[in-house]
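Fold and geometry: a report
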Amino acid sequence: MFSLLPSRIHIRVEVSSRGGKAARRAFEFGRTYVVRPKGKHQATVVWLHGLGDNGSSWSQLLETLPLPNIKWICPTAPTQPITIFGGFPSTAWFDVGELSEDAPDDVEGLDAAAAHVANLLSTEPADIKIGIGGFSMGAATSLYSATCFTSGKYANGNQYPANLSAVVGLSGWLPCSKTLRNKIEGVEEAARRAVTLPILLCHGKGDDVVPYKFGEKSSRVLASTGFQDVTFKAYNGLGHYTIPQEMDEVCTWLTSKLGLEESSSS
């Protein structure tokens, strides 16, 4: 069963310019689609779409999964100019200049997206486990949210409020990977959260949009910075899309990590 949350949410982020003045960058998030649990509500997962997509398409797929105890929240990213598209506007969680290891990260966009996700989860009951997942750019945003949860704050220094129990990334990459170690090392609480947070990464070896090496390296970076419950699944011949086998493994993993009932009875 679907329902819709209010369609427009505005977030403003102040970005310091060289002249010392703060430029205002506004993010207008699109419509949010919610798939209600068919059984007893045990967990809520925000699922984030990829570049140029919207929350509707993934909500339709997620509704078909045999996970009756999960409430799915599928927001739509803001429409904003995308550098990799020559400034052409598209729905995107953050700006992307190029897909390379040396490309700068749009930290302001990532912070705004992660804050929007945390806000969507803020009204969930205390006894409900919460998670974040996504595809491609949505996976990158999910992994960025995982690093914010671990360090306890966004890059802008504001406190990260959500208590994550699971993170899933399909065909994505880890933003800000070069600064991750500095966020965790020497911070006892951050190290503890990194040890216990379950993360599932899946990537196709035939991905010609976000190369397989990005997913593989993201897994290695997470493991080397103290994330001890990282699972990486590789799929021969899989391109930049999902397949039933991959979603079956996501279901099995979420059921295990979130401690869900395997029957559909409420």
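Before reading on, note that the structure itself is shown above.
Let me begin by describing the structure that accompanies this report. Going along each chain's sequence as written, the residues are numbered from 1 onward. A pLDDT threshold of at least 70 governs which residues receive local features in this predicted model, and a stricter bar of 80 or more applies before side-chain atom pairs are shown or counted, although totals over entire chains, interfaces and linings include all residues. The side-chain values count all of the structure's non-hydrogen atoms but skip hydrogen atoms and water molecules.

1. Regarding the overall build of the chain
Our working definition: Counting from the N terminus, the helices are the DSSP runs of H or I reaching at least four residues and the strands are the DSSP runs of E reaching at least two. When a residue's accessible area, from a 1.4 Å probe over protein chains only, is under 20% of the maximum for its type it is buried; when over 50% it is exposed; and in between it is partly exposed.
Scanning the chain from N- to C-terminus turns up seven helices and twelve strands. Out of the 266 residues belonging to the chain, those deemed buried represent 50%.

2. Comments concerning a nonpolar patch on the surface
Heads up, the rule is: Residues form patches when they are more than 30% accessible in relative terms and have no salt bridge. Like charges link within 9 Å. Nonpolar side chains (Val, Leu, Ile, Met, Phe, Trp, Tyr) link within 5 Å. Computed with a 1.4 Å probe, the accessible areas rest on the Shrake-Rupley method; for each residue, only the protein chains presented here act as cover. Here a salt bridge means any side-chain nitrogen of Lys or Arg lying within 4 Å of a carboxyl oxygen belonging to Asp or Glu.
A cluster of nonpolar side chains, namely L51, I84, F85, F88 and L99, defines an oily patch on the protein surface of about 440 Å² accessible area. Checked against the element boundaries, F85 lands in the loop between β7 (79–82) and β8 (88–91).

3. Concerning the nonpolar core
Test applied: By nonpolar core is meant a set of buried Ala, Val, Leu, Ile, Met, Phe, Trp, Tyr and Cys residues that side-chain atoms within 4.5 Å join together. Only heavy atoms matter for contacts: two residues are in contact if any of them lie within 4.5 Å across the pair.
Formed by 48 residues in total, the largest nonpolar core has its most connected members in Y160, L164 and I199. Looking at which element gives the most residues to this core, the answer is helix α2 (residues 107–121), with eight residues. Look past the residues within four positions of Y160 in its chain and what remains in contact with it is A114, A118, I132, S145, C148, F149, G152, K153 and Y154.

4. Topic: the layout of surface pockets
Using the following cut-off: In this analysis a 1.4 Å probe is tested at points of a 1 Å grid over the protein atoms alone, and where it fits but cannot get out there is a cavity; an open set with protein on both sides within 12 Å along at least five of seven lines is a pocket; lining residues have an atom within 4 Å of a point. Grid points are joined across faces, edges and corners, and a volume is the space filled by probe spheres set on the points. Gly falls in the polar group here, along with every residue not listed as nonpolar (Ala, Val, Leu, Ile, Met, Phe, Trp, Tyr, Cys, Pro) or charged (Asp, Glu, Lys, Arg).
Quantified by volume, the second largest pocket comes out at close to 260 Å³. Taken together, 15 residues make up the lining of the second largest pocket; nearest its centre are L51, S136, V209, V210 and H240. Among the residues forming the lining of the second largest pocket, the class breakdown is eleven nonpolar, three polar and one charged.

5. Topic: the packing of α2 against helix α3 (residues 137–151)
Heads up, the condition is: Every axis in this analysis is a line fitted to C-alpha atoms, fitted for helices over the stretch in contact. Angles between the N-to-C directions lie between 0 and 180 degrees. Any angle from 65 to 115 degrees is called roughly perpendicular, while one under 35 is roughly parallel, one over 145 is roughly antiparallel, and all others are oblique.
Where α2 contacts α3, the axes come no closer than 10 Å and their chain directions differ by 80°. If you check the angle between α2 and α3, you find them roughly perpendicular. Of the residues in α3, those in contact with V107, L110, D111, A113 and A114 of α2 are T141, Y144 and S145. Considered class by class, the residues forming the contact of α2 with α3 number five nonpolar, two polar and one charged.

6. A word on unusual backbone geometry
Of note, S171 is a non-glycine position whose phi angle comes to about 55°, a positive value. Its location among the elements puts S171 in the loop between β10 (164–170) and α4 (180–184). Since its relative accessible area comes to 0%, S171 is described here as buried. Its identity as a non-glycine residue notwithstanding, C176 has a phi of 55°, on the positive side. With a relative accessible area of 11%, C176 lands in the buried category.

7. Some words on the pairing of β8
Note the cut-off: Here a strand pair is declared whenever DSSP counts at least two bridges between the two strands.
Bridge analysis of β7 against β8 gives four bridges, and the strand direction is antiparallel. When the sheet's bridge partners are listed, P81 is paired in β8 with P89. Hairpin remark: β7 followed by β8, antiparallel, with five residues in the connecting loop; positive phi at G86, about 70°.

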